[in-house]
Amino acid sequence: MDGTQTPDKSETDIWSEAGTTRVPFQVYQDADIYAQELKRIFYGSSWNYVGLECEIPEPGDYRRNFIGEREVLMIRKDDGGLSVVENRCAHRGAQLCQALSGNAGSAIMCPYHQWTYTLDGELTGMPFKRGINGKGGLNPDFDMKAHGLVTLRVESLNGVVFASFDHDVPELKEYLGPDMVKYFTRIFNGRGLRVVGYERQVIDCNWKLQMENLKDPYHAGILHLFLISFGLFRLDQESKCLVDDSKGHSVLMTAKGTEEGKEDTGGVRIAAPDFSLTDHELIQPRLEFPDNVTLSIQTLFPSIIIQAQCNTLATRQVIPKGPGSHELVWTFFGFEDDDDEMKDLRLRQANLMGSAGYVTLDDAEALEFSQVGLSGSPAGEAAVLEIGGTDCESNDHLVTESLIRGFYMRYRDIMGHGKAGA
Ligand SMILES: [Fe+2]
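Residues numbered from 1 in each chain as written. Predicted model: local features only at pLDDT ≥ 70, side-chain atom pairs only at ≥ 80, totals over all residues. Heavy atoms only, no water.

K.L.:
What is the right way to read the environment of Glu-381 from this model?
P.N.:
Following the sequence through the fold, Glu-381 ends up in the loop between helix 7 (360-374) and strand 19 (382-384). Glu-381 sits 74 residues away from Gln-307 along the chain, and the two C-alpha atoms are 32 Å apart. Look past the residues within four positions of Glu-381 in its chain and what remains in contact with it is Pro-24 and Phe-25. (Helix = DSSP H or I, 4+ residues; strand = E, 2+ residues; numbered from the N terminus. Contact = heavy atoms within 4.5 Å.)

K.L.:
Please explain the packing of aromatic side chains as it appears in this structure.
P.N.:
Aromatic rings in a pair are described by how distant their centres are and how their planes are angled relative to each other. In total, this model carries 17 aromatic pairs according to the counting rule given. Relative to Phe-230, the ring of Phe-226 lies with its centre 5.0 Å away and its plane at 65 degrees, an arrangement referred to as edge-to-face. This pair shows no difference in class: Phe-226 is buried, exactly as Phe-230 is. Consider the rings of Tyr-408 and Tyr-411, whose centres lie 5.6 Å apart with planes at 75 degrees: the pair is edge-to-face. Taken together, the residues span about one helical turn, with Tyr-408 and Tyr-411 both in helix 8 (residues 402-415) at a distance of 3 residues. Residue classification places Tyr-408 among the buried positions, given a relative accessible area of 0%. An aromatic cluster is defined as three or more aromatic residues linked by ring pairs; in this entry it consists of Trp-15, Phe-42, Trp-207, Phe-301, Phe-407, Tyr-408 and Tyr-411. Residue placement shows Arg-70 over the ring face of Tyr-43; its charged tip is 4.8 Å from the ring centre. (Phe/Tyr/Trp six-rings, centres within 6.5 Å; stacked < 30°, edge-to-face > 60°. Buried < 20%, exposed > 50% of the residue type's maximum accessible area, 1.4 Å probe, protein only. Lys NZ or Arg CZ within 6 Å of the ring centre and 35° of its normal.)

K.L.:
In this structure, what is going on with the pairing of strand 3 (residues 61-67)? I would like to understand it.
P.N.:
One face of the sheet, then the other: side chains in a regular strand alternate in exactly this way. In terms of burial, strand 3 is a largely internal element, 7 of the 7 residues being buried. The two faces of strand 3 match: Asp-61, Arg-63, Asn-65 and Ile-67 on one face and Tyr-62, Arg-64 and Phe-66 on the other face are all buried. Looking at chain direction, strand 3 and strand 4 (residues 70-76) are connected through 6 bridges and run antiparallel. Paired with Tyr-62 across the strands is Ile-75, a residue of strand 4. If you look at the hairpin formed by strand 3 and strand 4, you'll find 2 residues sitting between the two strands, and Gly-68 has a positive phi there, around 60 degrees. (Pairing = 2+ DSSP bridges.)

K.L.:
Looking at this structure, I do not really get the pattern of salt bridges. What am I missing?
P.N.:
Oppositely charged side chains are able to pair whenever their charged atoms sit close together. Considering all chains together, one arrives at 22 salt bridges under this definition. With a closest N to O distance of 3.0 Å, Glu-71 and Arg-64 form a salt bridge. Each member of the pair, Glu-71 as well as Arg-64, carries the same accessibility label: buried. Residue Asp-338 pairs with Arg-191 through a salt bridge whose shortest N-O separation is 4.0 Å. With Asp-338 in the loop between strand 18 (326-335) and helix 6 (340-349) and Arg-191 in the loop between helix 2 (172-187) and strand 12 (193-203), this residue pair connects regions lying 147 residues apart in the sequence. On the accessibility criterion, Asp-338 (7% relative accessible area) is buried. Residues joined by salt bridges that share partners form a network here, namely Arg-191, Arg-194, Glu-288, Asp-337, Asp-338 and Arg-346. (Salt bridge = Lys/Arg side-chain N within 4 Å of Asp/Glu carboxyl O.)

K.L.:
In this structure, what is going on with the coordination of the iron ion? I would like to understand it.
P.N.:
By definition of the ideal shapes, four donors in a tetrahedron about a metal sit 109.5 degrees apart, and six donors in an octahedron sit 90 or 180 degrees apart. Around the iron ion, the protein contributes the donor atoms His-219 (NE2), His-224 (NE2), Asp-363 (OD) and Asp-363 (OD), which lie 2.0 to 2.5 Å from the metal centre. Bound by 4 donor atoms, the iron ion shows angles of 56 to 146 degrees at the metal and therefore irregular coordination geometry. In primary-sequence terms, the residues that donate to the iron ion follow H-x4-H-x138-D. Here the residue His-219 occupies a position in helix 4 (residues 217-223), and Asp-363 occupies one in helix 7, the gap between them amounting to 144 residues. (Donors = N, O, S within 2.8 Å, 3.2 Å for Na, K, Ca; no water. Tetrahedral: all angles 85-135°; square planar, octahedral: opposite > 155°, others 65-115°.)

K.L.:
How should I be thinking about the sheet that holds strand 12 in this particular structure?
P.N.:
Two orientations exist for strands paired in a sheet by backbone hydrogen bonds: parallel and antiparallel. Strand order in the open sheet formed by 7 strands is 12-18-17-16-15-14-13, and the pairing between neighbours is antiparallel. In the strand order of this sheet, the two ends are held by strand 12 and strand 13 (239-243), each with one partner. Taking the axes of each pair of neighbouring strands and ignoring which way they run, one obtains an average angle of 15 degrees across the sheet. Across 6 bridges, the pairing between strand 16 (residues 304-309) and strand 17 (residues 312-320) is antiparallel. Pairing of Ile-306 across the sheet is with Thr-315, part of strand 17. (Axes fitted to C-alpha atoms, helices over the stretch in contact; angles between N-to-C directions.)

K.L.:
Teacher, can you tell me more about the sheet that holds strand 9 (residues 123-125) here?
P.N.:
As summarised here, the arrangement of the 3 strands in space is 7-8-9, forming an open sheet in which the pairing is antiparallel. Lying at the two open borders of the sheet, with one neighbouring strand each, are strand 7 (108-109) and strand 9. Two elements, strand 8 (residues 116-117) and strand 9, share 2 bridges in a ladder whose sense is antiparallel. Across the sheet, the residue bridging to Tyr-117 is Leu-123, located in strand 9.

K.L.:
Whenever I open this one, helix 8 confuses me. Can you help?
P.N.:
An α-helical turn contains 3.6 residues, so a residue and the one three or four places further along point in the same direction. The end-to-end C-alpha separation of helix 8 is 20 Å, in line with the 20 Å expected for 14 residues at 1.5 Å each. Buried residues dominate helix 8, accounting for 13 of its 14 residues. Backbone geometry just after helix 8 places Gly-416 at a positive phi near 80 degrees. (Expected span 1.5 Å × (residues − 1).)

K.L.:
Could you clarify how one ought to interpret unusual backbone geometry in this entry?
P.N.:
Note: most peptide bonds trans; most residues except glycine with negative phi. Cis geometry is found at the peptide bond from Phe-301 to Pro-302, where omega equals 5 degrees. In this structure, Pro-302 sits in the loop between strand 15 (293-300) and strand 16. Backbone geometry places Lys-247, a non-glycine residue, at a positive phi of 75 degrees. Mapping Lys-247 onto the fold places it in the loop between strand 13 and strand 14 (250-255).

K.L.:
Looking at this structure, I do not really get the packing of helix 1 (residues 31-42) against helix 8. What am I missing?
P.N.:
Any two packed helices are characterised by the angle at which their axes cross and by the distance between the axes. One way to put it is that helix 1 packs onto helix 8 with a least axis distance of 10 Å and a crossing angle of 85 degrees. Relative to helix 8, the element helix 1 is oriented roughly perpendicular. Across the interface between the two elements, Ile-33, Gln-36, Glu-37, Arg-40 and Ile-41 from helix 1 touch Tyr-411, Ile-414 and Met-415 from helix 8. Residues that form the contact of helix 1 with helix 8 fall into these classes: 5 nonpolar, 1 polar and 2 charged. (Parallel < 35°, antiparallel > 145°, perpendicular 65-115°, else oblique. Nonpolar A, V, L, I, M, F, W, Y, C, P; charged D, E, K, R; others polar.)

Below, the structure is given as structure tokens:
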């Protein structure tokens with residue numbers, strides 16, 4: 001990250017004395033701010049999710065992904081290690097791999113002029129390097145070593161792969177911190193992973209609104225009538241919201257109540273009382289982790305969510321697509337040693353989530369309402385974030401926006417907006 005750069009005008013003066021309790025609507029729609037976010041956050045000192053190791057088991061296997069708007073390839077090397085390189089030829093900038101995933105064999109070759117790279121991104125050769133009959137080709141002093149692919153730093157934690165454009169970024173575990181590692185390894189506990197399925201959807205709202213949504217337990221007990229009606233999630237359940245020391249990461253958890261139908265809905269209307277589910281397995285979790293938590297949502301800065309709702313487990317990656325849109329990529333996963341009953345549950349309960357999920361369908365619509373509503377708002381107008389007070393601390397209830405305030409505290413640190421007003 002370039003810490004010496006003087007912030008643009010667009011980066012200053014937009015936050016009021018109210019600090020993170022007022023998020024300026026400009027940060028969701030201003031192109032200059034968006035460009036700075038890409039540079040400082042996604043291409044800066046952050047660890048970004050790029051996939052699961054189980055997606056690339058064999059040497060030469062690759063999976064294409066994005067960090068910010070830059071395309072990267074997560075690759076399994078011949079020695080079993082991992083590399084992450086930018087999916088752009090060092091010659092003329094062509095996209096190297098077009099398929100979402102595949103096997104590159106022992107080398108990556110550009111389809112345009114066949115410049116060829118090792119699985120680590122080193123340039124090894126190209127056609128007509130010495131020309132023909134001594135004419136043409138590359139000058140003999142052309143430095144092959146200086147023209148490899150852009151390589152990223154890569155780390156894997158129990159099968160989950162992260163990469164960073166900053167080779168000096170702190171180690172992944174340090175970046176996450178001990179509290180977040182504890183909840184991360186509650187799910188990713190070292191057991192072999194398997195992919196259950198994928199979903200991808202484009203949602204026309206700023207990427208930060210998606211992150212806010214998963215840090216917003218307040219909405220979940222109001223917007224999601226499916227959850228409320230069938231007792232899966234209500235705001236009075238035993239719960240915990242944990243914000244890490246950096247304030248950018250968080251996890252929220254609830255334990256399913258035992259007395260369904262007796263929860264305090266806080267005046268929220270529920271579906272008609274005579275509504276019932278034909279398939280109760282849809283909402284019956286089989287406890288699989290060493291606690292009674294039936295919903296946990298971990299959000300890691302900047303843009304990855306780890307969801308465990310009943311037995312549907314997924315990573316949700318938020319890929320920015322300009323200030324007003326993003327792609328949400330769901331990777332549903334389970335464990336290699338899942339028994340047949342668990343395999344069935346993971347598929348059945350996956351209906352709760354995803355682009356057409358009984359629950360998350362609501363989110364995509366509400367988030368687009370947000371972007372439409374705030375678009376064109378004059379400078380000075382801001383979102384009000386005072387539910388649960390004004391701080392960014394952990395707590396044992398769900399009627400709070402403290403996780404979102406924490407996200408913006410971290411965001412402001414990185415964007416050069418300072419900490420004023422907390
Ligand atoms: Fe939601």
